[in-house]
Amino acid sequence: MAQKNTLFNYFTKSPAQSKVQSGVGVVSPSEAKDKIVQKSSAGTPLSARKKVSKKLTPETDSKKITRTAAPVAERNKLYEGEEFGVYDIVWSKLDGYPWWPSLVCEHPKQKIHVKGNDIHVQFFDDPPTRAWIHKKCMERYVDGVKMLAPTKDKDKWRAACIQADSALKLSNLERSKLIVDYPDDSASDIELEDEETEDLDTGNQGVAQEDASIPQKRRRILVLDSEDSEDEYKPKKEDLDEQSESASSGIDSDEVSGPESIEEPEEGTPRKANKRKRTSQSRPSKKSKTADQNSTPLNAVSTETKAKLALFPSDENSAVKMNGFEGFSSPSQMVKDGTKAKLALFSSKENTEAKQTEAGSTEAWPHLKLDFLKPNKIRDAKRRTPADPDYDPKTLYVPEEFKRNLTPALRQWWEMKSQHFDCILFFKVGKFYELFHMDAVTGVTELGLQYMRGDNAHSGFPEIAYGRFASSLIEKGYKVARIEQTETPEMMGERCKGMGKVTKFDKVVKREICQITAKGTRVFSVIDGDASSAENSYLFAVTEKSAGDSVSYGICFIDTSIGVFHLGQFVDDRHCSRLRTLVAHHPPVQVLYEKRALSEKTLQLLNSSLASVLKESLAPETEFWSAHKTLTTLAEGGYFSSESSGVNWPEGLKKFLNEADTLGLTAHDNYELAVRALGACTWYLKESFLDQQLLSMGRFEIYQPHDLVENARPVLTVVSKASFSKHMKLDLCCTPFGKRLLRHWLCSPLCDVDGIAARQEAITWLLGNTSLMAEAQEMLSQLPDLERLLSKVHTEGNALRSQTHPDSRAIFFEDHIYSKRRILEFISTLAGFKSAEKIASLIQGELATSSSKLLVQCTSNKQQNPAGKFPDLAGALHFFETAFDHEQAKEAGRINPSKGIDPEYDSVMEELQGLKQELDEYLNSQRKYFGCKVTYCGSDKKRFQLEVPDSFTKKAGKDYELQGQRKGFKKYWTSETKELLSRQIAAEDQQKTVLKDLNRRIFARFSSYYEIWNTAVQCLSVLDVMMSLAEYVRSEGGEMCVPEFVMPPEEMKPFLKITDGRHPCVSSVDGFIPNDTAIGCGEDAASLVLVTGPNMGGKSTLMRQVGLLVVMAHMGCHVPAASCHLSPVDRIFTRLGANDDIMAGESTFYVELSETAAVLHHATKHSLVLVDELGRGTSTHDGTAIAAAVVQELGNLGCRTLFSTHYHTLVEDFRHSEYVTLGHMACMVENENEEDPSEETVTFLYKFASGACPKSYGFNAARLAGIPSDIIRTGYNKAAQLEKDGDQRKLFQQLFGKKQNSSDITSLIERVRSVL
Ligand SMILES: Nc1ncnc2c1ncn2[C@@H]1O[C@H](COP(=O)(O)OP(=O)(O)OP(=O)(O)O)[C@@H](O)[C@H]1O
Ligand SMILES: [Mg+2]
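Definitions and cut-offs
Residues numbered from 1 in each chain as written. Chains lettered and ligands numbered in written order. Predicted model: local features only at pLDDT ≥ 70, side-chain atom pairs only at ≥ 80, totals over all residues. Heavy atoms only, no water. Helix = DSSP H or I, 4+ residues; strand = E, 2+ residues; numbered from the N terminus. Contact = heavy atoms within 4.5 Å. Areas by Shrake-Rupley, 256 points an atom, 1.4 Å probe, with all protein chains shown as cover. Near = heavy atom within 4 Å. Polar contact = N/O pair within 3.5 Å; in protein donor to acceptor, adjacent residues only side chain to side chain. Nonpolar A, V, L, I, M, F, W, Y, C, P; charged D, E, K, R; others polar. Core = buried A, V, L, I, M, F, W, Y, C linked by side-chain atoms within 4.5 Å. Buried < 20%, exposed > 50% of the residue type's maximum accessible area, 1.4 Å probe, protein only. Axes fitted to C-alpha atoms, helices over the stretch in contact; angles between N-to-C directions. Parallel < 35°, antiparallel > 145°, perpendicular 65-115°, else oblique. Left-handed = near helix turned anticlockwise from the far one by under 90°. Phe/Tyr/Trp six-rings, centres within 6.5 Å; stacked < 30°, edge-to-face > 60°. Lys NZ or Arg CZ within 6 Å of the ring centre and 35° of its normal. Pairing = 2+ DSSP bridges. Disulfide = S-S within 2.5 Å. Arc of directions from axis to C-beta. pLDDT = per-residue confidence, 0-100.

Novice: An account of the overall build of the protein is requested, with residue identities and associated values reported.
Specialist: Each helix and strand counted, the protein has 48 helices and 33 strands in total. In the protein, of all internal contacts separated by at least 6 residues, the share reaching a separation of at least 24 is 72%. Summed over all atoms, the accessible surface of the protein reaches about 58,500 Å², with 53% contributed by carbon and sulfur.

And the structure:
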């Protein structure tokens, strides 16, 4: 759950800082209005001003103290053990927050500072806030004796202590000036206005005059509520029409919980919801609080917001302008006034009356006092304590005796909360989603909602805003449960009638959870709104089994917005390399793992690599199912079965089943863990009410670790950041599905030379047809996310879901809007595929037989070219185009199928047509019989009465039942008309039923062509990625080349030769210096290049550049170089940069070494190894020794390696090795100051040259980094000394280590002299 990190946020009921006014005359229009009123009623401007501020001035305060002393004392007698007096300085601690210096003060409205065991305090903070604190959580503040500083907000805490220290020295009178007179916490803006006007009415001139001599207390103006923040407030026309989204139904928790809650279900009906009242207890949101602290009133209004507001001149805005205060008004005030006006419409008399009683409400919400929520008493639904290993934090024990006293609706709420304690409940009440208790607090702090009146924390918003608010919470890491009413009051009445004994808990409309959404279970339905990002968001389940040294993982991951389940099982090494690669390539947003099944190491990996990802441990067997339970549930759940054929296991899932078991209820021996992981996902999706729609798509794919894929040995890279492609400027895709494929290609480049060549060919062809490409890109960019839309249409078309999912029973207030959205999405899907077809044929039309194979594949269909894979969509598209009138459907939100499309619809229409004919014929026969004009009259269930003129009624025999008459006419029913009427009504009912399900049937029909739609999307994704790569080549200013892969014969060494290579993340115009890199070229060339050079000379840059160019070459992309030749690389290993991982308990040196160990274990001679310094984190001797040993080993292995180092002894050691060549980043060294050698300057040439660099010129880097020159000089002298010592030692060894001849000895002695 999100952390609250400012003191302001600590206090959930912190005051609404709305009407506080500064002494500098900055006022909001509403305040200004108030002032005018005050002025006219109170007579003098001065008195008017004083009245507004009378509670603030010290003298009034002192008066007030004396005036109120007696009653306060009397009241306080009621509370025993009072130890703290008004203006005492204390430490106080609010549950879950640090001890904070505070000042005891009276509650501004209740005029008491003690209530039961709670004392009212104002926290020293900026801005100050107030709360009721339990006496036990308070201590007297003594100067110099400090509590332990909190880890968070340390600075604020210190500032508060300083304030408290200085307050200690003040008298009570002076301390009274520190009390900021915010309006009462529980008072709304409207109340305040009322209150102030009241003050004026009762006026107290005497006090006012006394006040005149006292400097007026400076007040603050604070920006209010998120409703006002520019992010939140975008007054589009719809918003204005819909009224404020952040307003709630106005149903109060009291109403829900009141003794007359039988009213509640009726209130809950959509029809009556409008009648509800709203209140406007503005409470500052998190955002506004930050603004409060950082902004002055004027700069709090960004110019951008002003501009935005100006674009939408609403009534509120114009009101502001009329008052001439626009220069001073914050958007908050503008909106607030507008909102107030709107809210006033909802506010009723009882509401205002209720406000008075609110004054008596406590500052701590009642739910905070509930015993079963207290940290030391909390239990899960099965009454296990948190200490119990099986404790389930997803549930909460709510005692029956507590629930017994609740109203039926609130009991429903608590029952749901008890089962879903980890979710924020969006609880539908009529037209609104309401939040109660702790959820309401979250709603106010995280979403900027407003509290409703009443004792309980309670907020809400209209149904239509669900998507926006839910998505905001989900993105912040919350889980949201959407609870719908699945009964109307009428249905409830019927239900109760049918029951023998009806209790009060039966008399409430039924509510059901319809959706639980977290980051990993988003589906973006019409209720949820659209996705903001194209990236995949995976829900990932993992379990583990170890056998001896080896460990096996079972994994399953799914992007719920697309619906493909990826299942896999693999053995991993001790570094968990495969699991690491998997989570880097398919980054999960939510992880499910089996409780107690994961080893310490795996848990550490999850905590470090996926530190910010939501993780949930599932109980073995009941949540993380066994393989058998998984398969039984899948078989019995009706996901893959049709009535006729029984269970029809999807192709993709079959390979995970044991062939010996014909029922398919046993997992394949090699995939038991994988099926278990699928079980965990299924359980979780079932809990989230998504199982039916996702499983029934039947899309299961096997996941194999990249190094195990047969026939192709792909390059294994660790690409942990999604931004990788962005830095490389490769992502110029026009569609979301193209973007997802590009990322996939980046993570798994090809190793198959033919595949690479096909991509290169396609890019080259596209580069030759740029205008065609531009046209296709333009069309592609208009496409919606067809891949996600396919999944949505499938969901809407699923028959079983439409019967069993609670959403099918839910009563939506805005159903017509959702229906329209569904139709619009469907029509845009159809239009998308229509233009997909056009795009394909656009390219296909230009392709000659000799052109790119890949482009032929993804744009031609089988008829056009036997190699073509693009499906023939024409038939299916034609069907849906003519199946119904698109324009009419868009308008009506309903599909009226053309004839011949839907047999059920056709038959009911035929029936109605037939009936019409029979009715006409019967009427004709009656006209003949009576011999006059006879017509049908009546409506609804009284239809088809025969209206006969009086003068002809003689012929109406006893078969004619008189139903009524009007002047000159009589109305009859006959047995024929009655029979026709009942048939007509039955047919109309049937028509309604058919129509209701008709949209679904059309969607289901569309989904039945799933394969062709999906293939079309896959083809378009490839085309989009190819065009993106081509566009990259075009946009990259410098020279680009097509890499040439050479398959070396067995005896030949792998090689890599790049000329004038550039870093793909740096633009060529940035003055980047291209470099040549050659490894393993020529007959005896060594495979390892030892790279030296000055600090900041470009070594790391060169190594990264080589790695990226190789990845790009294997993706089939052109690379930024003059030429690039290489033999295929099977894996790239990197040991770059210095990292530590405290979460995983890994030090810098450990990380270095474990990465190196992975290289040594897995590298083959076809690998590319990039080691950017090794052994830095330890002593020079150990470091050099380890580096030398690794160089030796890699040299022997013969894999292409770039190894950079600053250990110059290493260079000496390998200078003559046949496996190693030396290379360095060139530089020029100059020193104009001959006296001070530390002043030498190094000019980097950034040119990679052969040979070694003698020194690292570290002092140059030190100077550039700003190390003071005297320190550099000292260091330089020390280095010179160390160098000298080293030389001496070497000479000494030479002198005495070997036998020397006399001339050698003489020359050595000479050298010794020179260095001494
Ligand atoms: N080929 C180049 N052309 C232009 N500038 C370059 C080039 N290579 C590197 N640079 C610049 O030099 C800076 C330092 O490069 P780099 O980090 O690769 O140095 P280094 O040799 O690894 O240094 P150290 O030994 O301190 O790690 C880079 O950030 C970049 O700005
Ligand atoms: Mg470096």
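Still more ground to cover, so stick around.
Novice: Give me the site of ligand 1: which residues, what numbers.
Specialist: What surrounds ligand 1 is a group of 15 residues, the closest being Met1096, Lys1099, Ser1100, Thr1101 and His1206. Methionine 1096 is positioned such that a nitrogen or oxygen atom in its backbone is 2.8 Å from an oxygen atom of ligand 1. Measuring from an oxygen atom of ligand 1, one finds a side-chain N or O atom of threonine 1101 at 2.6 Å. A total of 630 Å² of accessible area belongs to ligand 1 in isolation, and the protein chains cover 71% of it. Examining the composition of the shell around ligand 1, we find that 3 residues originate from one element, helix H42 (residues 1099-1115), more than from any other. For the shell around ligand 1, the residue count by class is 5 nonpolar, 8 polar and 2 charged.

Novice: Residues and numbers for unusual backbone geometry, please.
Specialist: Positive phi is not limited to glycine here, since arginine 383 has a value of about 65 degrees. Summarising the element assignment, arginine 383 is placed in the loop between helix H17 (349-358) and helix H18 (400-404). Despite not being glycine, phenylalanine 944 has its phi angle at roughly 60 degrees, a positive value. Position of phenylalanine 944 relative to the elements: it lies in the loop between strand S20 (935-937) and strand S21 (945-949).

Novice: Please provide a residue-by-residue account of the nonpolar core, values included.
Specialist: If you look at the biggest cluster of nonpolar residues, it comprises 101 residues, and the most contacted ones within it are Leu730, Phe826, Phe833, Phe1006, Trp1013, Leu1020 and Leu1029. Counting residues per element, this core draws most heavily on helix H41 (residues 1010-1035), which supplies 15 residues. Sequence-distant contacts of phenylalanine 833, defined by excluding residues within four places in its chain, comprise Leu786, Leu790, Leu873, Leu877, Phe1006, Trp1013, Ala1016 and Val1017.

Novice: Go over the packing of helix H33 (residues 786-797) against helix H35 (residues 815-846) with me, naming the residues and quoting the values.
Specialist: Interhelical geometry of H33 versus H35 gives an angle of 135 degrees and a closest axis separation of 10 Å. Here H35 runs oblique to H33, going by the angle between their axes. Relative to H35, H33 is oriented so that their crossing is left-handed. On H35, the residues touching Leu786, Leu789, Leu790, Lys792, Val793 and Glu796 of H33 are Arg822, Glu825, Phe826, Ser828, Thr829, Gly832 and Phe833. In the contact of H33 with H35, the residues fall into 6 nonpolar, 3 polar and 4 charged.

Novice: Give a detailed account of the packing of aromatic side chains, specifying residues and quantitative values.
Specialist: The relation between two aromatic rings is expressed through the spacing of the ring centres and the mutual angle of the planes. Enumeration over the complete set of coordinates arrives at 44 aromatic pairs. Ring centres of tryptophan 91 and tryptophan 157 lie 5.9 Å apart, and the angle between their planes is 25 degrees; on these two criteria the pair is classed as stacked. One end of the pair, tryptophan 91, is in strand S1 (residues 89-93); the other, tryptophan 157, is in helix H5 (residues 154-168), with 66 residues separating them in the sequence. Judged by relative accessible area, which is 2%, tryptophan 91 ranks as buried. What makes tryptophan 157 buried here is its relative accessible area of 4%. Seen from their ring centres, phenylalanine 826 and phenylalanine 880 are 6.0 Å apart, and the 85 degrees between their planes marks the pair as edge-to-face. With a gap of 54 residues between them, phenylalanine 826 in helix H35 and phenylalanine 880 in helix H37 (residues 874-883) connect regions that are remote in the sequence. Grouping aromatic residues by their ring pairs yields a cluster made of Phe826, Phe833, Phe879, Phe880, Phe884, Phe1003, Phe1006, Tyr1009 and Trp1013. The cationic tip of arginine 411 hangs over the ring face of phenylalanine 505; the distance from NZ or CZ to the ring centre is 4.4 Å.

Novice: Give me the lowdown on the sheet that holds S20, citing residues and values where you can.
Specialist: Reading across the sheet, the 4 strands line up as S20-S21-S23-S22 and stay open at both edges, with antiparallel pairing between neighbours. Every other strand in the sheet has two partners, leaving S20 and strand S22 (961-966) as the edge strands with one partner each. The mean inter-strand angle of the sheet, taken between neighbouring strand axes irrespective of direction, is 35 degrees. Pairing analysis gives 4 bridges linking S21 to strand S23 (residues 969-973), with the strands arranged antiparallel. Paired with glutamate 947 across the two strands is lysine 971, which belongs to S23. The strands touched by helix H39 (residues 903-930) within the sheet are S20 and S21, with S20 carrying the most contacts at an inclination of about 120 degrees. Against the sheet, helix H40 (residues 975-1007) makes contact with S20, S21, S22 and S23, and its axis sits at roughly 65 degrees relative to S23, the strand it touches most.

Novice: Please set out the state of the cysteines residue by residue, giving values where relevant.
Specialist: In this structure the tally under the stated criterion is 0 disulfides. Not engaged in a disulfide, the cysteine cysteine 681 finds its nearest cysteine sulfur in cysteine 556; these two sulfurs lie 3.6 Å apart.

Novice: Can you lay out helix H22 (residues 489-497) for me, pointing to particular residues and giving the numbers?
Specialist: Among all positions of H22, only Pro489, Met492 and Cys496 are buried. Looking straight down H22, one finds that the buried residues subtend no more than 55 degrees of arc, so they occupy a single side. Exposed residues pointing more than 90 degrees away from the buried face of H22 are listed as Glu494 and Lys497.

Novice: Give a detailed account of the pairing of strand S9 (residues 458-462), specifying residues and quantitative values.
Specialist: Counting buried positions along S9 gives 5 out of 5 residues, so the element sits mostly inside the fold. Burial along S9 is two-sided: His458, Gly460 and Pro462 facing one way and Ser459 and Phe461 facing the other are all buried. With 5 bridges connecting them, strand S8 (residues 432-436) and S9 associate as antiparallel partners. Paired with leucine 435 across the bridge in S9 is serine 459.

Novice: Now, about the confidence of the model for the protein: what can you tell me, with residues and values included?
Specialist: Residues shown with low pLDDT carry predicted positions that ought not to be read at fine detail. Averaged over the protein, the pLDDT score is 77; the fraction of residues at 70 or greater is 75%. For the stretch residues 183-362, pLDDT sits under 50, and the model shows 393 contacts to residues farther than four places along the chain or on other chains. Scored below 50 in pLDDT, residues 710-723 shows 38 contacts in the model against residues more than four places distant or in partner chains.

Novice: Account for the sheet that holds strand S19 (residues 700-702), with residues named and values stated.
Specialist: Taken in spatial order, the 6 strands make up an open sheet running S16-S15-S12-S13-S14-S19, and their pairing is mixed. With one partner strand each, in any of the chains shown, strand S16 (614-618) and S19 form the two edges of the open sheet. This sheet shows a mean twist of 20 degrees between the axes of neighbouring strands, independent of strand direction. Pairing of strand S13 (residues 550-559) with strand S14 (residues 565-572), which is carried by 8 bridges, proceeds in the antiparallel orientation.

Novice: Could you give an account of helix H23 (residues 577-585), naming the residues involved and the relevant values?
Specialist: Counting buried positions over the 9 residues of H23 gives 7, a clear majority of the element. Of all the positions in H23, only Ser577, Leu579, Thr581, Leu582, Val583, Ala584 and His585 are classed as buried.

Novice: Residues and numbers for the environment of tyrosine 451, please.
Specialist: Inspection of the secondary structure puts tyrosine 451 in the loop between helix H20 (437-447) and S9. Along the backbone, tyrosine 451 and alanine 440 are 11 residues apart, and their C-alpha atoms lie at a distance of 7.4 Å.

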